[in-house]
Every structure is written in C-alpha cells, then in structure tokens.
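Structural characterization, general
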Amino acid sequence: MSLEIIPTEDENRFVIAIIGDEVEYVDPIKYISETEIKKMAVLRKVTNKLSFVLPDNYFLWEAKKAWFTFYKEIIATPIPPNFLRLFENKTKAEQERLMDGASLTPYQLCNLLFAASIKYGCTFSNYSSEKLPNGIEEKDLPKIAHFDGDNVTKVGSTTLSNGQIKNLINHRKVIVARFLDNKDGWHCFYQTMKGVSGEEKGATGRPHLHYISDKWGYSRADVLIQIKNGSLPATKVHIDLLEYR
C-alpha cells in the first residue's frame, strides 16, 4: 500500500490518496491486517493536531487497537453458505447456481477472504489495471479529479480541460481482481469502476462483483492477461455489493 498526502489550493486542506498494492500468493489475514494498521496509523498521524509531539509508535499502537476491533467485527460477520460451498464444487454449472442472486457486504467479502485461507488453505492475490481513453496520457493527468454535475474539482497541474476530465472519468476502464488459490484450483472476484457504481451495461444496475474460477475453462495466466489488457473474462455471474460506499 502506498499513501500520498496531496496539498490543495486551500492551505488549510489536503487530500490523502491511498493506493492498494498488487500482491501474489500471500496470507490474506496477515496482508490485510498489516495494510489496514499501516493506513490507520498514517491517517491518525496526519489528522492529529499533536502529531508533532507524539512518537510514531503511539499512532501505531492506536491503529493496532482500532484494527483489532474491526477484525473482531469482520470475523463475527456470517458468510452466506453458498460462497463457502464454491470451494467444494467441481463444475461451472454448480458454481453458477450457487451465485445466482448472490450478494455480499464489504465485511462479508473480507471475512470470505479470511475463511478461504483458514478453511481451504487459499492464498490471496490482488491485481489491477487502468486503461485511459484514446489520446490521454498519464503525464497529462492531475493528481486527483472528480466532478459533480458540471462542477469539476481537480488537484495538481494538468493540460486537460474540464470537459476532457469528465470524459476521462466516465470512460476510463479500471479493473480490480482478487484471486484465491489453493491446490484444487483458483477463484476470482473482479470488479470494474462502472460495475461498483452500478453503471455497467447489461448488468443489474446495482454495485456488483463478477466471479469466475478455473472451472470456466480459462487458465489463470490467460485471465490475468485479459485483465491487464483491460478486457473482461466472460461470465454471467453478478454478485450484488450491499452497503457499498
């Protein structure tokens, strides 16, 4: 995980940008715990008015306490049984049936990653890709940008007009894919920017994830190549994301 503190034109305000790492075949409990503790410690430090007199270990201690509370809430969150049965089914048809009408909250998804490790010996991998619209290069981009109606807010220098920024936000292709691997195969839960905003064509109209596994007949390497190229492996499985912010 990388974290960047970005000043704004208002000297009294700043933006904190948190970017997730790409990781392969790690222990999900250890990785997510360490990542969240690091994030919480930094956020506490940059938002505490007394940070200049308090040692870093204080913020780390506070972050560990806070994460322990979150962790207990996560592992106490029941996982829908159909998701756990994914790891015990051997055919695509059975897995599609299990995911028909399925939904998850963020806490359930996180606990699923933990349970997959504990119960089924799965490792965790996280990959992402971003494809910009034609004619846009990374060097042209501001640090951060968003829009609300016709109002465009941006931080950092850019050669792009407000109209180009809106087009960029609307049409860039972002994919985030989480893999769970064990000796029996792999499972992939992936999302697109439009998918988690409920704007993906031909989908549910609600925030959602996609699911595929080795039972779809794809190799893991081929799926990863597709994701990195900004395309999506074909699947009709859509898992509604509830309570998603």
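Residues numbered from 1 in each chain as written. Predicted model: local features only at pLDDT ≥ 70, side-chain atom pairs only at ≥ 80, totals over all residues. Heavy atoms only, no water.

**A few points about the pairing of strand S11 (residues 238-241)**
- Of the pairings in the sheet, the one linking strand S4 (residues 103-104) to S11 comprises 2 bridges and is parallel in character. Its bridge partner lying in S11, Leu-104 is registered against Leu-241.
- Across 3 bridges, the pairing between strand S10 (residues 208-213) and S11 is antiparallel. For His-208, the partnering residue across the bridge sits in S11 and is Asp-240. (Pairing = 2+ DSSP bridges. Helix = DSSP H or I, 4+ residues; strand = E, 2+ residues; numbered from the N terminus.)

**Focus on the packing of helix H1 (residues 28-47) against helix H5 (residues 106-120)**
- In the contact formed by H1 and H5, the axes pass within 8 Å of each other and the chain directions differ by 140 degrees. Taken together, the axes of H1 and H5 are oblique relative to one another. Of H5, the residues touching H1 (which contributes Pro-28, Ile-29 and Ile-32) are Cys-110, Leu-113, Phe-114, Ser-117 and Ile-118.
- Split into classes, the residues belonging to the contact of H1 with H5 amount to 7 nonpolar, 1 polar and no charged. (Axes fitted to C-alpha atoms, helices over the stretch in contact; angles between N-to-C directions. Parallel < 35°, antiparallel > 145°, perpendicular 65-115°, else oblique. Contact = heavy atoms within 4.5 Å. Nonpolar A, V, L, I, M, F, W, Y, C, P; charged D, E, K, R; others polar.)

**Section: the nonpolar core**
- The biggest cluster of nonpolar side chains holds 48 residues, and the ones touching the most others in it are Phe-83, Met-99 and Ile-239.
- Looking at which element gives the most residues to this core, the answer is H5, with 7 residues.
- Apart from the residues within four sequence positions on either side, Met-99 is in contact with Asn-82, Phe-83, Leu-86, Tyr-211, Val-237, His-238 and Ile-239.
- Formed by 5 residues, the second largest nonpolar core is a distinct cluster that contains Ile-136, Val-152, Leu-160 and Leu-168. (Core = buried A, V, L, I, M, F, W, Y, C linked by side-chain atoms within 4.5 Å. Buried < 20%, exposed > 50% of the residue type's maximum accessible area, 1.4 Å probe, protein only.)

**Observations concerning the pattern of salt bridges**
- Overall, the coordinates contain 7 salt bridges when judged by the stated rule.
- Between Lys-228 and Glu-22 there is a salt bridge whose closest N-O contact spans 2.3 Å. Separated by 206 residues along the polypeptide, Lys-228 in helix H8 (residues 220-228) and Glu-22 in the loop between strand S2 (14-19) and strand S3 (23-26) bring together distant segments of the chain.
- Using a relative accessible area of 31% as the deciding quantity, one classes Lys-228 as partly exposed. (Salt bridge = Lys/Arg side-chain N within 4 Å of Asp/Glu carboxyl O.)

**Focus on the packing of aromatic side chains**
- In the structure shown here, the tally under the stated rule is 10 aromatic pairs.
- Between Tyr-58 and Trp-61, the aromatic rings sit 6.3 Å apart at their centres with planes inclined by 45 degrees, giving tilted as the arrangement. Of this pair, Tyr-58 and Trp-61 both sit in helix H2 (residues 56-75), 3 residues apart, roughly one helical turn.
- According to the relative accessible area criterion, Trp-61 is partly exposed, its value standing at 48%.
- Pairwise contacts between aromatic rings join Tyr-58, Phe-59 and Trp-61 into one cluster.
- A cation sits over an aromatic face here: Lys-65 above Trp-61, 4.1 Å from the ring centre.
- Positioned above the aromatic ring of Phe-179 is the side chain of Arg-220, whose terminal nitrogen or guanidinium carbon lies 4.5 Å from the ring centre. (Phe/Tyr/Trp six-rings, centres within 6.5 Å; stacked < 30°, edge-to-face > 60°. Lys NZ or Arg CZ within 6 Å of the ring centre and 35° of its normal.)

**Description of empty space enclosed by the protein**
- By the definition in use, this model includes 1 cavity of 30 Å³ or more.
- When its volume is computed, the largest cavity comes out at roughly 60 Å³.
- The wall of the largest cavity is formed by Leu-86, Phe-87, Asn-89, Lys-90, Asn-182, Asp-184, Gly-185, His-187, Asp-214 and Lys-215.
- For the lining of the largest cavity, the per-class residue count stands at 2 nonpolar, 4 polar and 4 charged. (1 Å grid on protein atoms, 1.4 Å probe; cavity = no way out; pocket = protein on both sides within 12 Å on 5 of 7 lines; lining within 4 Å. Points joined across faces, edges and corners; volume = space filled by probe spheres on them.)

**Considerations on the packing of H2 against H5**
- As a packed pair, H2 and H5 sit with axes 8 Å apart at the nearest point and diverge in direction by 85 degrees. On the basis of the axis angle, H2 is roughly perpendicular to H5. When H2 is examined against H5, the residues Trp-67, Phe-70, Tyr-71, Glu-73, Ile-74 and Ile-75 are found in contact with a partner set consisting of Tyr-107, Cys-110, Asn-111 and Phe-114.
- Of the residues that constitute the contact of H2 with H5, the class distribution is 8 nonpolar, 1 polar and 1 charged.

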